[in-house]
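# A structural walkthrough
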Amino acid sequence: MTCPPWLLRLGIGRRRFPIWLPLFLLWPLAAALAIVLAPLVLLLALILRPLGWGRLVLLSGPLLFRFLCALRGLEVNLNLGSRLLQISFK
Amino acid sequence: MSDSQKRILDLLAEKKISVDEAQRLLSLTEPGKDTGTQGPEESAGTKGKPRYFRVQVQPEAGSGKESVNVRIPMALIHAGMKLTSLIPGHASDEVNEALREKGIDFDVRNLKPEDFEELVAALTDLEVDVKGGREKVHIYVE
């Protein structure tokens, strides 16, 4: 099973060295938050079911997790002359 | 025998290439043979499913320094496809209507993960090279 990216390398402007953000520090907090919010999400899904949004609310968590996992390996390097943008999920 | 192999033999018969060159070219056309000189799409084909979708825009020599290099994991595209299956019916209608206003006659409900699998399989053979006046665009999967 894949896991979410551990590091985010971010470079904006003309910085010589990009910033390395330790995403792995966020995941335990996000997991704790997901556990706390799970009953509320379930309740919200039941309320919104008649409107057709129940399934979306219920599955949004797992799909969001899958989306985060899939971010690993994403790289965007834009060099527009005076502007520079580097995003890399490791 | 594939068309490319026949073509190589034709070139050899016409004495446009040497025996050594023909041998080298024929070895390149053999499936699964690792010659170390394969392109990105070929390496993806022999190694299985492609993992990344790449878009590179490089400036031609002496025409500025602007460049774009994007690597998108196929899993990310796949995850996005899964999200579309959760769109409620009435939201799909609104999206279709907005697309129609832009002149795009497309039904988002027709987007299915199975179609995406077929598309990914087809992408292994895809490589697009566009050479413009100032930039060179290279789109491929790896």
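To be clear, the structure that these remarks concern was listed above.
Residues numbered from 1 in each chain as written. Chains lettered and ligands numbered in written order. Predicted model: local features only at pLDDT ≥ 70, side-chain atom pairs only at ≥ 80, totals over all residues. Heavy atoms only, no water.

### As for helix α5 (residues 89-101) of chain B
All names here are of chain B. Operational definition: Secondary structure follows DSSP: runs of H or I at least 4 residues long count as helices, runs of E at least 2 residues long count as strands, and numbering of each begins at the N terminus. One less than the number of residues in a helix, times 1.5 Å, gives the span that helix is expected to have. Relative accessible area decides the class of each residue, using a 1.4 Å probe on protein chains only: under 20% of the type maximum gives buried, over 50% gives exposed, and in between gives partly exposed. Each direction from the helix axis to a C-beta atom contributes to the arc, which is the arc of those directions.
Under the 1.5 Å per step criterion, the end-to-end length of α5 is 19 Å for 13 residues, consistent within 8% with the ideal 18 Å. For α5, the set of buried residues is A91, S92 and N96. All buried residues of α5 project into a common sector of 140° when viewed along the axis, lining one side. Exposed side of α5, more than 90 degrees from the buried face: E94 and E101 are the residues found there. Where α5 ends, the next residue or the one after it, G103, has phi of about 90°, a positive value.

### Here's the deal with a nonpolar patch on the surface
Residue and element names in this part refer to chain A. For the record, the criterion: For patch detection, residues must exceed 30% relative accessible area and be free of salt bridges, and they are connected within 9 Å for like charges or within 5 Å for nonpolar side chains (Val, Leu, Ile, Met, Phe, Trp, Tyr). To be clear on the numbers: accessible area is Shrake-Rupley with a 1.4 Å probe, and residue cover counts the displayed protein chains and nothing else. Within this document, salt bridges are pairs made up of a side-chain nitrogen of Lys or Arg and a carboxyl oxygen of Asp or Glu, the two lying within 4 Å of each other.
The grouping of L33, V36, L37, L40 and V41 at the surface amounts to a nonpolar patch, some 430 Å² of accessible area in total. Residue placement: V41 occurs in helix α1 (residues 26-48). Judged by its relative accessible area of 30%, V41 is partly exposed.

### Here we look at the layout of surface pockets
All names here are of chain A. For clarity, the cut-off: The pocket and cavity definitions rest on a 1 Å grid over protein atoms only: a 1.4 Å probe that fits but cannot leave marks a cavity, an open set with protein on both sides within 12 Å along at least five of seven lines marks a pocket, and residues lining either have an atom within 4 Å of a point. Grid points are joined across faces, edges and corners, and a volume is the space filled by probe spheres set on the points. Charged residues are taken to be Asp, Glu, Lys and Arg, nonpolar residues to be Ala, Val, Leu, Ile, Met, Phe, Trp, Tyr, Cys and Pro, and polar residues to be all remaining types, Gly included.
Taken as a whole, the largest pocket spans an internal volume of roughly 510 Å³. Along the wall of the largest pocket there are 18 residues; nearest its centre are A30, A34, G61, P62 and L64. Elements that contribute at least two residues to the lining of the largest pocket include exactly α1 and α2 (54-70). By residue number, the principal contributor to the lining of the largest pocket is α1, which donates 9 residues. Within the lining of the largest pocket, the residues separate by chemical class into 16 nonpolar, 2 polar and no charged. Computed from the structure, the second largest pocket encloses a volume of approximately 360 Å³.

### Some thoughts on the interface of chain A and chain B
Note the cut-off: By the convention used here, residues are in contact when the closest approach between their heavy atoms is within 4.5 Å. Here the quantity called buried area is the total loss of accessible area, with a 1.4 Å probe, experienced by two parts when brought into contact, counted for both.
Taken together, the contacts link 21 residues of chain A with 21 residues of chain B. Buried area between chain A and chain B, summed over both chains or domains, comes out near 1800 Å², and the portion from carbon and sulfur atoms is 63%. At the boundary of chain A with chain B, the tally comes to 1 salt bridge. The residue R71 of chain B makes a salt bridge to E75 of chain A at a minimum N-O spacing of 3.4 Å. Secondary-structure elements contributing two or more residues to the side of chain A that touches chain B are α2 and β3 (75-80) of chain A.

### Points about the state of the cysteines
All names here are of chain A. Our working rule: A pair of sulfur atoms, both from cysteines and within 2.5 Å, is called a disulfide here.
In the structure shown here, the tally under the stated rule is 0 disulfides over all chains. Not engaged in a disulfide, the cysteine C3 finds its nearest cysteine sulfur in C69; these two sulfurs lie 6.7 Å apart. Take C69: its relative accessible area is 8%, and that puts it in the buried class.

### Points about the side chain of H138 of chain B
All names here are of chain B. Along the chain, H138 falls in strand β4 (residues 135-141). Exposure remark for H138: the relative accessible area of 15% places this residue in the buried category. When near neighbours in sequence (up to four residues on either side) are disregarded, H138 contacts R54, V55, Q56, E127, V128 and D129.

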